[in-house]
Amino acid sequence: MQNHCAVPNCPSGKSDPQPLFRFPNDAERSKKWAEKCQRQDLIDRSPEQLYRYYRVCGKHFETSLIDSDAQSTVLKDDSIPTAFDMSSQPQNGQAKRTKPTTKDNEMESKGRKKMKKSQAATAKEDIPTLSEEEEYKEYLKSLFEVLLLLGEQSIPPMGPANNKDQGLGSSSFQALLDNRIMCGDEVLKKRYNDNKECCSTEQLNQLIEVCEKFVRSKLVEEIKQSSFFSLLTGDPVKISGEWQLPVFVRYVDESNFQRERFVGFLNFEGDRDILAEKLLSEMTDKWGLDMEKCRGQAHSCSGTHFNQIKILAAKLMEMHPRAVLTLSSSQSLNMSLASGMAQSGVQLVMFTFKKIESFFGQSALLQLELENAISIFYPDNKEKANELKEICRTRWTRRNDAFEVAVDILEALLLCIDSVHDNEDMKWSDQVSQNALEISKALTDFEFVIALVVLKNVMTLTQAFGKNIQGNATETHLAAASLKAVLHSLKEVSDNIDVYHEFWNDEALTIAATMEISAKLPRSFLRKHQAECGSMRPESYYKEHLSVPVVNHTIREMNRLFCEDHLKLLRCLSLIPAVIEQHKSTEPEEVNVQAFNNDIPNAGTLSAELHCWWVKWNKKGKGETFPSSLHETLQLADVKFFPNMLAVFRLIGVLPALALEDNCNVAYKRFTMYMESTPDRFKSKSLALLNINYDVRFDLDSLADTYVKTYLEVQQES
């Protein structure tokens, strides 16, 4: 089944969802539908093929022909699509409807009468006998149709359909095939009668692999059409017992919309010395990405994989110097900085944050329990209590101010967690109670407390910068100008670390005393260095092994993530019309825009074009509003008259650090949803690609042809 309308140029889809209706199964009305669609390839197909594989959306039927209720949307009997405008491209997502003529209505009326007399006989006569090769392709298309349906709904094909895991025979995939046979799919029925099965496990895996290659080829084709892109990677995940690196690509499509796509997983196992080269080679040789067109890179990684990801980033920069390293918009700056720190105390904080998010995300009652605890600790400051409650209803452990929030609610958090663990009212399950105990142990560890306090104080210096860098165009432009001040503040802390650490240590001791936690060295250090424990004071230990490394890492990463080349690109946001109007007295610096000289249509006219652009937006008329974001600027009708400016905005649009519009930022959300909702044993790199990119337009004929060429012809040759 095609998941889109068969009418040429029809704009219906994810941005304009419409109900899809099957072609009728009788020959006469099916032929009328195909003729109305004005596609010769449909006219040549049998009614059975059209009925099974093609759809027409509700845009092309008069509203009086569509019955809608709370459960379903159906067409009235004998409906014919008549609302078409084939002469021009649709505009603004709306197809122009044409009113049916009197002649059309008369023809339809006669057709209905004739159809009722000869429907069954005509249908049988018009269905041609399929050759063996055609029949096999029809069989493959049935398999692909079922697989795509399961993939779109994130239902594991191998998952049990009846809660009894008995292999492929009891799977969701087989259950849908059985249903198709019962509904009259003769090709599948014949296959089952001949082989006692519709599809083997080996063949199912081959089908999945073909779908994966098809999806990626479509994505790479779209990326190539956009010219330039940026590469983004997420935290490595385990699938089928192996570490896999999720890879995303950001680009600006031909309609000047920013896009981010998930393009697959790369195996993250193997020799560390050659892993980076292997990954880059696979992206170019196997996937077909042209890394010469890569203009940015961003990596979200934590813990043990951080150093390996740094090697990958450095190797990509070495091979392709214009792939500027930036922050990823999917992760706040402070959480990104902390994720790369190897100190045990920092990792304890980050790991506990993940547990806290998972714990409170499983039940609204647990969230209410936390809010009640917050009220207890802020009885005289209801405004502060309400603010914290509101924050805790979000995924606050990922926020830029997460460490500050954690310190504010730490006592309330412990009270809530301990109450759940005690479970005096028997409200919680044993598993919830056990999870609460694990979190409680972490919260009452002094290493956690002092690491949280150090992170809060150091990250306060980068907090405003991090918020602005992922804000609107004006805020991002401001952040680019404020980096020197942030680095200066961090250096001042580093130069006077003894004094600052003393303050931080006192704050941690005060919190620990309130929570009845004793100040002591980490358990891991005590086990490994028993001889030194007597002479080592906690304050000295945490200064050398926590405060100093945290400050140094922050300075190093800020310089690495925001190099001069990256800052030049961010400063080009001064070309956004609203920013020009706001800073009307200052003409944008051409030196920043010259960073794009090799990628713009005509570098020789850049200076003159830049000045004309500045003059155009320098003065605002009464009641006039100017585009205030990159997204709005790219959609300006006038921007096409400034080809160099358009090219610059498209290049800025691929930068991974810039926040995307909500409707453009779906790939990472879909990826997260897939990883969180799919049981570990059913996770698949191929099915993840299929599920996350379910809006790719699949062609069942192409899938069937690819399968035959890949597997059957190869077997015959061997």
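Per chain, residue numbering runs from 1 following the sequence as it is written. A pLDDT threshold of at least 70 governs which residues receive local features in this predicted model, and a stricter bar of 80 or more applies before side-chain atom pairs are shown or counted, although totals over entire chains, interfaces and linings include all residues. Remark: hydrogens and water are excluded; side-chain values derive from all non-hydrogen atoms of the structure.

Going by the annotation in an unreviewed UniProt entry, the name recorded for the protein chain is THAP domain containing 12a, with Maylandia zebra given as the source organism.

Undergrad: For this particular structure, what's the right way to read the overall build of the protein chain?
TA: On a plain count of helices and strands, the protein chain comes out with 30 helices and ten strands. To sort residues, take the accessible area from a 1.4 Å probe on protein chains only and compare it with the maximum for the residue type: under 20% means buried, over 50% means exposed, and anything in between is partly exposed. Considering the protein chain as a whole, with its 718 residues, one finds that 49% of them fall into the buried category. Only heavy atoms matter for contacts: two residues are in contact if any of them lie within 4.5 Å across the pair. Long-range pairs, those at least 24 residues apart, make up 72% of the contacts in the protein chain between residues at least 6 apart in sequence. Carbon and sulfur atoms make up 48% of the accessible area of the protein chain, which amounts to about 35,400 Å² in all. Starting at the N terminus, helices and strands are each numbered in turn, a helix being any DSSP run of H or I of at least four residues and a strand any DSSP run of E of at least two. Accessible surface area values rest on a Shrake-Rupley calculation with a 1.4 Å probe, where residue burial reflects the displayed protein chains alone.

Undergrad: Would you take a moment to explain the pairing of strand β8 (residues 258–267) for this structure?
TA: The side chains of a regular strand alternate between both faces of the sheet. Within β8, nine of the ten residues are buried, which leaves the element mostly enclosed by the surrounding structure. Strand direction decides the pairing type here: strand β7 (residues 242–252) and β8, joined by nine bridges, are antiparallel. Residue pairing in the sheet places Pro246 in a bridge with Phe265 of β8. Only strands joined by at least two bridges in the DSSP assignment are considered to pair. Between β7 and the antiparallel strand that follows it, β8, lie five residues; Asn256 among them carries a positive phi value of about 65 degrees.

Undergrad: I'm lost on the side chain of Arg295 in this one. Help?
TA: For Arg295, the position within the fold is in strand β9 (residues 294–299). Two N or O atoms form a polar contact when they lie within 3.5 Å of each other; inside protein one atom must be a possible hydrogen donor and the other a possible acceptor, and for residues adjacent in sequence the pair counts only when both atoms belong to side chains. Side-chain polar atoms of Arg295 contact the side chain of Asp599, separated by 2.9 Å.

Undergrad: Whenever I open this one, the pattern of salt bridges confuses me. Can you help?
TA: Between side chains of opposite charge, pairing is possible as soon as their charged atoms come close. When a carboxyl oxygen of Asp or Glu is within 4 Å of a side-chain nitrogen of Lys or Arg, the pair counts as a salt bridge. According to the stated counting rule, one finds 39 salt bridges in the structure shown. Between Glu369 and Lys427 there is a salt bridge, and its shortest N-O distance comes to 3.4 Å. Linking Glu369 in helix α13 (residues 364–377) with Lys427 in the loop between α15 (402–422) and α16 (430–443), this pair joins segments that are 58 residues apart in sequence. The exposure class of Glu369 is buried, given its relative accessible area of 19%. Through salt bridges that share partners, Glu357, Arg395, Arg398 and Glu676 make up one connected network.

Undergrad: What exactly am I supposed to notice about a nonpolar patch on the surface here?
TA: To count toward a patch, a residue needs a relative accessible area above 30% and no salt bridge. Like charges then connect within 9 Å, nonpolar side chains (Val, Leu, Ile, Met, Phe, Trp, Tyr) within 5 Å. Side chains of Ile376, Phe377 and Leu415 sit close together on the surface and give an oily, nonpolar patch of about 270 Å² of accessible area. Here Ile376 is to be found in helix α13.

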